[in-house]
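Close look at the chain arrangement
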Amino acid sequence: MTTERAEILWQPDAHALNDSTMARYRDWLAREGYGSFSDYGALHQWSITQTEAFWESLWRFTGVIASRGYTRVLADPGLPPRGWFEGARLNFAENLLRHALRHPDSQECVTEVGESRATVRLGRGALLAQVGALQGWLRAQGVGVGDRVAGVVANTHEALVAMLATTGLGAIWSSASPDFGTAAILDRFGQIRPKVLLTVTGYRYQGRDHDRGAQNRALAAALPRLERVLSIALLPGSAHPDDPVFVPWEQALAAHAGALPEFVQLPPDHPVYILYSSGTTGVPKCIVHGAAGMLLNHSKELLLHADLGPGDSLCYFTTTGWMMWNWMASALLTGARLVLYDGSPAQPSLERLWALLAQERVSHFGTSAKYLGNCRKQGLTPGAEHDLAALRVLFSTGSPLLAEDYDWVYEALGRELMLSSISGGTDICGCFVGGSPLVAVRRGEIPCRLLGVDVRAFDPEGRDTEGARGELVCLSPLPCMPVGFWDDADGSRYREAYFSRFPGVWAHGDFVEFTAHGGAIIHGRADATLNPGGVRIGTAELYRQVETLPEIADSLVVGAPLPDGDVEVLLLVVMAEGHALDAAMIQTIRQRIRANASPRHVPARILAVSQVPYTRSGKKVELAVARMLRGETGDDNAHALANPEALAEIAAVLAAAPPRPRATPATTS
Ligand SMILES: CC(=O)CC(=O)O
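By the naming in an unreviewed UniProt entry, the chain is Acetoacetyl-CoA synthetase, taken from Marichromatium purpuratum 984. Looking at the chain in UniProt, the text filed under Sequence similarities (unreviewed entry) is "Belongs to the ATP-dependent AMP-binding enzyme family."

Here we take up the side chain of Ser 420. Along the chain, Ser 420 falls in strand 21 (residues 418-421). Residue classification places Ser 420 among the buried residues on the basis of a relative accessible area of 2%. At 3.0 Å, the side chain of Ser 420 forms a polar contact with the backbone nitrogen of Gly 435. With near-sequence residues (within four places) excluded, Ser 420 lies in contact with Leu 394, Phe 395, Ser 396, Gly 434 and Gly 435.

A word on the UniProt feature "domain: AMP-binding enzyme C-terminal" (unreviewed entry) in the chain. Within this structure's numbering, the places UniProt gives as "domain: AMP-binding enzyme C-terminal" (unreviewed entry) are residues 548-619. The span residues 548-619 is 19% helical and 32% strand by assignment, and the distance between its end C-alpha atoms comes to 18 Å.

Here we take up empty space enclosed by the protein. Applying the stated rule across the entire model yields two cavities of 30 Å³ or more. Quantified by volume, the largest cavity comes out at close to 70 Å³. It is strand 23 (residues 430-434) that provides the largest number of residues to the lining of the largest cavity, a total of three residues. For the lining of the largest cavity, the residue count by class is seven nonpolar, four polar and one charged. Put simply, the second largest cavity is a space of about 40 Å³. Around the second largest cavity, the lining residues are Glu 112, Val 113, Gly 114, Glu 115, Ser 116, Arg 117, Thr 156, Leu 234 and Asp 342. With three residues, the single largest contributor to the lining of the second largest cavity is strand 6 (residues 108-114). In the lining of the second largest cavity, the residues fall into two nonpolar, three polar and four charged.

As a matter of local geometry, the ligand sits amid Trp 322, Met 323, Met 324, Thr 397, Gly 398, Ser 423, Gly 424, Gly 425, Gly 430, Cys 431 and Lys 619. For the ligand, an oxygen atom lies 3.4 Å from a polar atom in the backbone of Gly 425. Protein chains shield 95% of the accessible area of the ligand, which is 240 Å² for the free molecule. Sorting the residues of the shell around the ligand by element identifies helix 13 (323-329), strand 22 (423-425) and strand 23 as the ones contributing at least two each. Tallying contributions element by element places strand 22 first for the shell around the ligand, with three residues. When the residues that make up the shell around the ligand are grouped by side-chain class, the tally is four nonpolar, six polar and one charged.

The subject of this paragraph is the layout of surface pockets. Space left empty within the atom packing is revealed by a probe, the size of a water molecule, rolled over the atoms. Considered as a void within the structure, the second largest pocket measures approximately 1,500 Å³ in volume. Every residue lining the second largest pocket is counted, 46 residues in all, and those nearest its centre are Tyr 205, Phe 317, Pro 345, Lys 370 and Gly 618. Secondary-structure elements contributing two or more residues to the lining of the second largest pocket are strand 11 (202-205), strand 12 (208-211), strand 18 (337-342), helix 15 (369-377), strand 31 (552-561) and strand 32 (567-575). For the lining of the second largest pocket, a count of residues per class yields 18 nonpolar, 21 polar and seven charged. Per-domain counts for the lining of the second largest pocket show at least three residues from each of domain 1 (95-255) and domain 2 (532-656).

Moving on, we get to the packing of helix 2 (residues 21-31) against helix 12 (residues 291-305). When two helices pack together, their arrangement is given by the angle between the helix axes and by the axis-to-axis distance. At a minimum axis distance of 7 Å, the contact between helix 2 and helix 12 shows a crossing angle of 105 degrees. Between helix 2 and helix 12, the angle is such that the two are roughly perpendicular. Touching Thr 21, Met 22 and Tyr 25 of helix 2 are Leu 303, Leu 304 and His 305, all from helix 12. Here the contact of helix 2 with helix 12 is built from residues that sort into four nonpolar, two polar and no charged.

What follows covers the sheet that holds strand 32. The mixed open sheet is built from three strands, whose spatial order is 31-32-33. Every interior strand has two partners, whereas the edge strands, strand 31 and strand 33 (605-608), have only one. Ignoring which end each strand starts from, the neighbouring axes of this sheet average 25 degrees apart. As paired elements, strand 31 and strand 32 share nine bridges and run antiparallel to each other.

To continue, consider the domain arrangement of the chain. We note that the domain assignment places domain 1 (95-255) and domain 2 (532-656) within the chain. Taken over C-alpha atoms, the centre of domain 1 sits 39 Å from the centre of domain 2.

The rules behind each value
- Residues numbered from 1 in each chain as written.
- Predicted model: local features only at pLDDT ≥ 70, side-chain atom pairs only at ≥ 80, totals over all residues.
- Heavy atoms only, no water.
- UniProt positions renumbered as here; feature names shortened; annotations may be inferred.
- Helix = DSSP H or I, 4+ residues; strand = E, 2+ residues; numbered from the N terminus.
- Buried < 20%, exposed > 50% of the residue type's maximum accessible area, 1.4 Å probe, protein only.
- Polar contact = N/O pair within 3.5 Å; in protein donor to acceptor, adjacent residues only side chain to side chain.
- Contact = heavy atoms within 4.5 Å.
- 1 Å grid on protein atoms, 1.4 Å probe; cavity = no way out; pocket = protein on both sides within 12 Å on 5 of 7 lines; lining within 4 Å.
- Points joined across faces, edges and corners; volume = space filled by probe spheres on them.
- Nonpolar A, V, L, I, M, F, W, Y, C, P; charged D, E, K, R; others polar.
- Near = heavy atom within 4 Å.
- Areas by Shrake-Rupley, 256 points an atom, 1.4 Å probe, with all protein chains shown as cover.
- Domains from an automatic or database assignment.
- Axes fitted to C-alpha atoms, helices over the stretch in contact; angles between N-to-C directions.
- Parallel < 35°, antiparallel > 145°, perpendicular 65-115°, else oblique.
- Pairing = 2+ DSSP bridges.

Take a look at the structure:
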């Protein structure tokens, strides 16, 4: 348990305390008779004890557009919950487009910048016009309520238009990034059988052109029940396939120019998104998210927790293959402008994104913890190099943000910034914990549990650890919990995935610790925790020590099984350029871990590799290596990885350096 209070790096200022949307919501609650709350803690406590009043207040405060009101807020509050806003009729896209529909003028609401083509700027009216025209074309292909439209698309305006057009018609949107291989895409879209597919002819990344013609033809041939492929000419010089199944984007829109957007009114739980689990242990699970859940939860996170609104602009560095894309797209509902970036964050250098933020006067920027860590390692000082005066909020996710990266952010970007490390995931297409304008930011800690979210740490027997490390569970019903899995009529696979570990409780699979003042520290994935000598150690505890050494570029830690049934801590390191893993370096790593973590954390073996495996959304895959060490290859799913070749190298390195026989068990080390 963390007993000492971590240093405060940011305190809410007068704007945050009095004028942020969270503050205005708090004051509105008092005026409307919901209750008076002296601080965020009191507000949060109310939000998790009066669940229905809380979500109802959000519906009212955020002004959900619905053609029919609800008869009750939640039919069944058990977990998984059922029947949110029963009786209502609404449309997801209509709610996202509310500012454009109210003022269909030329005010820029989408800016697209990338490596592949020149900057594109869309006004609200132009966005609506494209949505309407594309809907005309989709309707002509027979797309209607419940049909799937899937996109292997870049983070450009077309992806956004296609998602809005699709969900406006009551159809379901699902996307993957063009750098996914054919097998990985078929693993996903093959299950959901889309009627229409969107593809890009090619894309540029890190200065290199990637033609997708062959892959697009292979997908069109392999996907069952596909009617048409809408082809986006993203890469200059790359051609649309010469095949009548493929229709160029411009041609489709021109054929239906002038068509008005349509918003089919549907029950609140009608599906809008299908997202996918990483697929590293078998075929990816198809996670289905419903309209009201996405809408209400994203409204809460973006309006209240992120303090986004008209006049702001959000740039989240993501691809369409990560749920942060869906999260970012919802920011349209706040009236903020979206700044889409498609390409490498390091082309020509890591300064690229900071320069973009300055140029576009971005107020809210989101990225991965890894990107911030790389900026620290390269000694970047973006606050001194670029005019980042507009930047108010910085989000980080993907993996735990190291305490040193909190320091770097406040040194390199300035003290005024609200740093919001957020954590949740694809399963809820949102967050459990993150920042709030009413809560201080402390070094190394995610500031708070989000409103309505009753998350705790449980021990293996399902008891609240009351401040010690444990498995992250959620006890409150959330509208963003999936409406189900695809092709899982009786819901058994859905319940098995989240509710079988502790019946009636959502088990998320993270290893977490909640601090006395309400902050959260994520210690890695629960299924990747190490257990040497029976002591549970989160992998992030080791990454915190290893990846802050300048000589180490990356690392992966895993529990390697031993013949006596125990496990030993195995550390794989990727050395930074110009450094080698020699005896002195091994000694430095060991000493650092022993001094700053504990002797139990000290790895038995430390080996150098050239890369560690990542999922396509940028997460380390300890499990792939753990499974390899256990000799499990049954449902090996290497194409789910962004760099499957890393596994072969690790296998060779491990074979050359087997575990040494132990004189004493790990518990006494
Ligand atoms: C919000 C998140 O948790 C995003 C992620 O890491 O996948």
